[in-house]
Amino acid sequence: MSITMTLPNESEKPLVMDGAHVCNLRTKFTYPEEAVDRIFTNAATILEHCPGEGSSPCEPSVGIMIGKVQSGKTSSFIGLAALAMDNGYPLIIVLGGTKKNLVDQNRDRIDQYFNNSRDVHVMAIGGEHDNSSVLEEGFIKDLINNGEKVVLVVLKKSQRMEKVSDMIRTEVGLEPVLIIDDEGDEATPNGKIFQGKASSTYISAIKMMNVPKRCGFVSVTATPQANYLIRSDDSLSPKFGILIQPGEGYCGLSVF
């Protein structure tokens, strides 16, 4: 199956929907087929706005995925990561939370879906089980050059984010990079704007999205007010987005 996507500054090309990583993930999801199809349809809608493979640099594309609490947001962004891998993205960065345990939780959740894919490496940067040594010169670049895929789950703290940005600058060329900001309303938007300042995490997030020559930046949240109420010319203001519809049997706050 393929659909047509338009990449920034590039010509139209088909978006591969039945690549190895998507097919593998379909066997791992335990949801009804309709729900799994919806995950990848949503992923395609997001990815068609992001700059995939191309021969020239372009501006980063900023979007948002909105879903109710426990509606499948994590599965949706994991589906997005798999689809990106099948469409030329060798590096996926997940801003996995402001606490080490959240980073490890995200890392473990992602790894359980890709642990039988020999070409996918899922590593935590800043968790309790930190893998920051992989940021040393040459490691990520060698993996990418060998056609392998890397998922870095990063602690949402300036020091760790800056190290990842430095790695991208030296290790990644024109390959597209996808950044997924889990709980994108927390810490990433500028919390010091009314003080006339910029928070360190906000600065680091903007730097991280601008270091790759081709980059998609997608916030994932159930509470998008902070993302949408910022100035429209803010670098983190989403320019596209989707609503993640909960599957059949979803039981949330509205039910009670």
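Parameters at a glance
Residues numbered from 1 in each chain as written. Predicted model: local features only at pLDDT ≥ 70, side-chain atom pairs only at ≥ 80, totals over all residues. Heavy atoms only, no water. Pairing = 2+ DSSP bridges. Helix = DSSP H or I, 4+ residues; strand = E, 2+ residues; numbered from the N terminus. Axes fitted to C-alpha atoms, helices over the stretch in contact; angles between N-to-C directions. Contact = heavy atoms within 4.5 Å. Disulfide = S-S within 2.5 Å. Buried < 20%, exposed > 50% of the residue type's maximum accessible area, 1.4 Å probe, protein only. Core = buried A, V, L, I, M, F, W, Y, C linked by side-chain atoms within 4.5 Å.

Q: It is not clear to me how the sheet that holds strand β3 (residues 61-67) should be interpreted in this structure. Could you clarify?
A: The pairing of strands in a sheet happens through backbone hydrogen bonds and is either parallel or antiparallel. Reading across from one edge, β5-β6-β4-β7-β8-β3-β9 is the order of the seven strands in this open sheet, with parallel pairing throughout. Edge positions in the sheet fall to β5 (120-125) and β9 (240-244), since each of these pairs with one other strand and no more. On average, adjacent strands in this sheet sit at an angle of 15 degrees to one another, irrespective of strand direction. Bridge count between strand β4 (residues 91-95) and strand β7 (residues 177-182): five bridges; the pairing is parallel. Note that in β7 the partner of L95 across the bridge is D181. Packed on one face of the sheet, helix α7 (residues 200-210) meets β3, β4, β7 and β8 (215-221) and runs near 140 degrees to β8.

Q: Could you clarify how one ought to interpret the state of the cysteines in this entry?
A: A covalent bond between the sulfur atoms of two cysteines is what we call a disulfide. Taken as a whole, this structure holds zero disulfides when the rule is applied. With no disulfide of its own, C58 has C215 as its nearest cysteine by sulfur position, at a separation of 9.0 Å. For C58, a relative accessible area of 11% translates into the label buried. Just so you know, C215 is unpaired, no disulfide at all, and the nearest cysteine sulfur is the one on C50, 8.1 Å from it.

Q: Explain the side chain of N24 here, please?
A: Among the structural elements, N24 can be located in helix α1 (residues 20-28). Overall, the relative accessible area of 12% leaves N24 in the buried class. Residues contacting N24, with those up to four places away along its chain left out, are Y113, N116 and S117.

Q: How do you make sense of the nonpolar core when you look at a structure like this?
A: As a rule of thumb, nonpolar side chains are buried together in soluble globular proteins. L80, I92, I110, V151 and I180 are the most contacted members of the largest nonpolar core, which totals 42 residues. Formed by 30 residues, the second largest nonpolar core is a distinct cluster that contains I144, I179, I206 and V211.

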